[in-house]
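# Chain and residue survey
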Amino acid sequence: MQHRGLKSGDLIAGGFFLLLGLGAIVGAVQLQIGTPSEPQPGFFPFLGGVGLVVLSSLLLVQDWRGQSSGGEPFVEVRRPLLATVGFVAFVVMLDPLGYVLATAALSVVLLLVLGVRLGLRSLLPAVLLSIGSYLLFDRMLDVPLPEGILGALFGH
Amino acid sequence: MLENLASGFAVALSPWNLAYAGFGAVLGTAIGVLPGLGPPATIAMLLPLTYGMEPVSAVIMLAGIFYGAMYGGSTTSILLNIPGEAGSVVTCLDGYRMTRAGRAGAALGIAAIGSFIAGTLGVLGLSLISPILADFALRFGPAEYFSLVLLGLTMAVYLSGGSALKGLVMTVLGLLLGTIGLDPVFGAERFTFGSSNLTDGLDFVVVAMGLFGIAEVLSNLESPEQPVAVKPGIKSIFPTREDWKRAWAPIARGSFFGFFIGILPGGGAIISSFVSYAVEKKISKHPEQFGHGAIEGVAAPESANNAASVSSFIPLLTLGIPGNASIAMILVALMIHGIRPGPQLIAEHPDIFWGAVASMYLGNVMLLALNLPLVGLWVKLLQVPYSLLALVVVVICVVGAYSVHNSTFDVGVMIGFGIFGYLLRKTGFPAAPLVLAMILGPILERSLQQAMISSAGDPLIFVQHPLSAALLGVAALVALTPLLSLMRGGSTKPA
């Protein structure tokens, strides 16, 4: 399957993994590689780094020759992108806002992304799910979840 | 052996373990029916739940999910032409044609009965072969282990389909990710960048929930929800005498191929179902019926994927080497309890091995009872809106990741791997080899170091030991085939 998006995907991925491999080699050298008879902590990561460099170079060569090696075309970029932004914001806000508020907000975002309209049909499940899961996990199953500003308000 | 099996049944028949097996079977069937959620994601999400369980109960429940999904997967394939599970892709071909010809009941019936026969035969094979294989593997030294792990990783890449080169990239990346944290031999901090959050390394559960759970949600967001139209009216779920006459041999052959392909790392449900379908089509007296509702085309692959899902436990329980992502998570569930599966497992923890085996016999009976009469109920599950399912997956992943160390850092890592996993899917990089390598990396590193130290740095040790040399030879053969074809400018896609 020849697809423009996929080919550039291989190029970016190959470059990314090449850099990662070089990074691993640098890190391994700093850790001391040692010798085969006396391997040091960097020995195994060094081999891995070299492997990653070689394999990603092969991938780049393959891409340069114009051989795409699979992948799915993007059907829609907007929705996953919006969800990704929502997920990242969720991680940032989880501690300050607390589990209940952050999860409710993330649920609303995901439901909107999935095409549910803003209103009772998206707000109600979001609120029920976040409060319900909080009660289930934090209160019943002893999985302490971040309290955030609600915790401060209610004096926990 | 019968004595051991009897004690295994004593373990598996305890009320709690029966309940866990039943729960696993029900949940497995459910996620098998639902196309948007697979066994690796489900097992990853339930892993934190197993921390507080007995190790044998954890294995019983997680195994139930794994083989239960194979039963459920066929239902969606047959009724809706949508594979509920990757192992049921090929079942769509003839299964859906049978549905359109008004024979959905017979297709569902033969799939469930074939699954039951194959699953049970698979467990029988598992209980016969495992002790022998484990006994043999007791003689393995570091060199043999190194070569064996290398072979396992290579086969997992090559057999799982797609680009072998990309699979190898993922394997090496997984090995490197596995080195993050304290080095097992010297205690030196590696790639932690001074963060105390990384001293223990990346938590496997957190990575797996991201790569399988969150990534799956992200990629399902792409296509808007399509309401599923289910036509009820399944008449008899019992195949006719004529169906039986045509299906019994394919079930037997499917069980056989499934069992042996399932043992190979990366083999498993997908390949075995395709292979057994191809075999049936080839030897059939009327190959033209395949693709037009031949019952053999349902019986063989559905038997094969079940036999394979059972036999893929063999390398885990006898060698400590998981062959796919789901089995790797069952390995983690054991390791969390301080149990390191390997050749000693059967001797040192007979309750776990024989308990798990016995629970699989029971689980297959439960699944037959769950699937045949209740098929209409499972189909109703498809009416649950995906939005709700996605939210539940996200919430469970978030809580699960947070619970590992009670830290937001892990939630961030999980989300990060979720986004990474989504991009990997889009660019055609398989996630399973990464997960396997991350788990097997420490074993590979330790056996490499031990072997190198014992040989005073001579890498020839790996070829001087005959068994190690043989294992490496097979690995090289498997690995070099795609690379050679790449150099010749051919396609790197295995068939």
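Just so you know, the residues in each chain are numbered from 1, in the order the chain's sequence is written. Chain A is the first chain written and ligand 1 is the first ligand written, with later ones labelled in order. Thresholds applied to this predicted model are a pLDDT of at least 70 for local features of residues and 80 or more for the giving and counting of side-chain atom pairs; totals over whole chains, interfaces and linings are not thresholded and use all residues.

### Description of the overall build of chain A
- Here a helix means four or more residues in a row that DSSP labels H or I, a strand means two or more in a row labelled E, and each is numbered from the N terminus. Per the secondary structure count, chain A includes six helices and two strands.
- Helices (α) and strands (β) of chain A occur, in sequence order from the N terminus, as α-β-β-α-α-α-α-α.
- At 23 Å, chain A has a C-alpha radius of gyration far larger than the 15 Å of a compact globule built from 156 residues.
- Counting only C-alpha atoms, chain A reaches 60 × 45 × 20 Å along its principal axes.
- Long-range pairs, those at least 24 residues apart, make up 59% of the contacts in chain A with a sequence separation of at least 6. Both definitions apply: the radius of gyration is a C-alpha atom measure, and the globule rule equals 2.2 Å times residues to the power 0.38. Note that contacts rest on C-beta atoms placed from the backbone: two residues are in contact if these are within 7 Å.

### Here we look at the interface of chain B and chain A
- Contact residues are listed per partner, giving 55 residues for chain B and 54 residues for chain A.
- Elements that contribute at least two residues to the side of chain B that touches chain A include exactly α8 (164–178), α18 (386–405), α19 (408–426) and α20 (432–454) of chain B.
- Residues are grouped as follows: Ala, Val, Leu, Ile, Met, Phe, Trp, Tyr, Cys and Pro are nonpolar; Asp, Glu, Lys and Arg are charged; all remaining types, including Gly, are polar. Taken together, the residues of the side of chain B that touches chain A break down into 32 nonpolar, 15 polar and eight charged.

### A short note on the UniProt feature "transmembrane region" (unreviewed entry) in chain A
All names here are of chain A.
- According to UniProt, the feature "transmembrane region" (unreviewed entry) maps to residues 12–31, 43–61, 81–114 and 120–137 in the numbering used here.
- Along residues 12–31 one finds 95% helix and 0% strand; the C-alpha atoms at either end are 28 Å apart.
- Across residues 120–137, the secondary structure splits into 100% helix and 0% strand, with the terminal C-alpha atoms separated by 25 Å. UniProt positions are given in the numbering used here, feature names are shortened, and annotations may be inferred rather than shown by experiment.

### Some points on α8(B)
- The end-to-end C-alpha distance of α8(B), which contains 15 residues, comes to 21 Å, matching closely the 21 Å that a straight helix rising 1.5 Å per residue would cover.
- Here the C-beta atoms are placed from the backbone, and a residue counts as buried if at least 20 other C-beta atoms lie within 10 Å of its own, exposed if 12 or fewer do, and partly exposed otherwise. Of all 15 residues in α8(B), 15 are buried; the element is thus mostly enclosed. What a helix is expected to span follows from its residue count: subtract one and scale by 1.5 Å.

### Remarks on the nonpolar core
- Grouped together as the largest cluster of nonpolar side chains are 217 residues, with contacts concentrated most on Val59(B), Leu62(B), Val169(B), Met209(B), Met329(B) and Val435(B).
- Among the elements that take part in this core, helix α4 (residues 55–80) of chain B stands out by supplying 16 residues, more than any other.
- Residue-level mapping places this core at the junction of two domains, with at least three residues from each of domain 1 (9–64) and domain 2 (78–153) of chain A.
- Excluding residues within four positions of it along the chain, Val169(B) makes contact with Phe17(A), Leu52(A), Leu55(A), Ser56(A), Leu59(A) and Phe429(B). The nonpolar core criterion groups buried Ala, Val, Leu, Ile, Met, Phe, Trp, Tyr and Cys residues into a set whenever they are joined through C-beta atoms within 7 Å. Where a domain begins and ends is set by an automatic assignment or by a domain database.

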